[in-house]
Amino acid sequence: MHSRTEVEAAIGNLARNRVLEYLRAERRGGRSVVTLVDISEETAIDPEAVESVMIQLEDMTDTPVRRASTDQLRWHIRR
């Protein structure tokens with residue numbers, strides 16, 4: 001049986017992969033700004049979990065996103 005930590009890590013990885021997949025599709029479609037609500041609705045992931053993933057992505061070395069300075073719910077997709 002897997003420990004709770006392993007299960008939580010697996011869920012986090014799945015959420016991150018799903019969000020990254022969504023962001024790639026949006027970028028290919030020419031979109032440069034997304035909201036947490038957009039991501040949550042399209043990925044069926046809780047908004048708080050989406051925000052957590054986005055913050056993790058923002059902290060990565062090759063940052064694919066950054067939070068808009070004027071609206072905490074909007075995120076810029078980097079090209």
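Calculation criteria
- Residues numbered from 1 in each chain as written.
- Predicted model: local features only at pLDDT ≥ 70, side-chain atom pairs only at ≥ 80, totals over all residues.
- Heavy atoms only, no water.
- Helix = DSSP H or I, 4+ residues; strand = E, 2+ residues; numbered from the N terminus.
- Polar contact = N/O pair within 3.5 Å; in protein donor to acceptor, adjacent residues only side chain to side chain.
- Contact = heavy atoms within 4.5 Å.
- Buried < 20%, exposed > 50% of the residue type's maximum accessible area, 1.4 Å probe, protein only.
- Pairing = 2+ DSSP bridges.

Re the side chain of Thr63
Here comes step 1: Within the secondary structure, Thr63 is located in the loop between α3 (47-58) and β2 (65-67).
Here comes step 2: Among the polar contacts made by the side chain of Thr63, one reaches the main-chain carbonyl oxygen of Glu58 at a distance of 3.2 Å.
Here comes step 3: A distance of 2.6 Å separates a polar side-chain atom of Thr63 from the backbone oxygen of Met60.

A closer look at the side chain of Thr43
Here comes step 1: Relative to the assigned elements, Thr43 resides in helix α2 (residues 36-43).
Here comes step 2: Within the local environment of Thr43, its side chain forms a polar contact with the backbone oxygen of Ile39, the two atoms lying 2.6 Å apart.
Here comes step 3: Those residues within four positions of Thr43 in sequence are excluded, and the remaining contacts are Arg18, Tyr22 and Val50.

Focus on the pairing of strand β3 (residues 74-77)
Here comes step 1: Only one face of β3 is buried: it carries Trp75 and Ile77, and the other face, with Arg74 and His76, is open.
Here comes step 2: One ladder, built from 3 bridges, connects strand β1 (residues 33-35) with β3; its direction is antiparallel. Bridge pairing in β3 links Val34 to Trp75.
Here comes step 3: Here β2 pairs with β3 via 3 bridges, running antiparallel. Residue pairing for β3: Arg66 is matched across the bridge by His76.

Remember that the coordinates give geometry; whether it matters functionally is a separate question.
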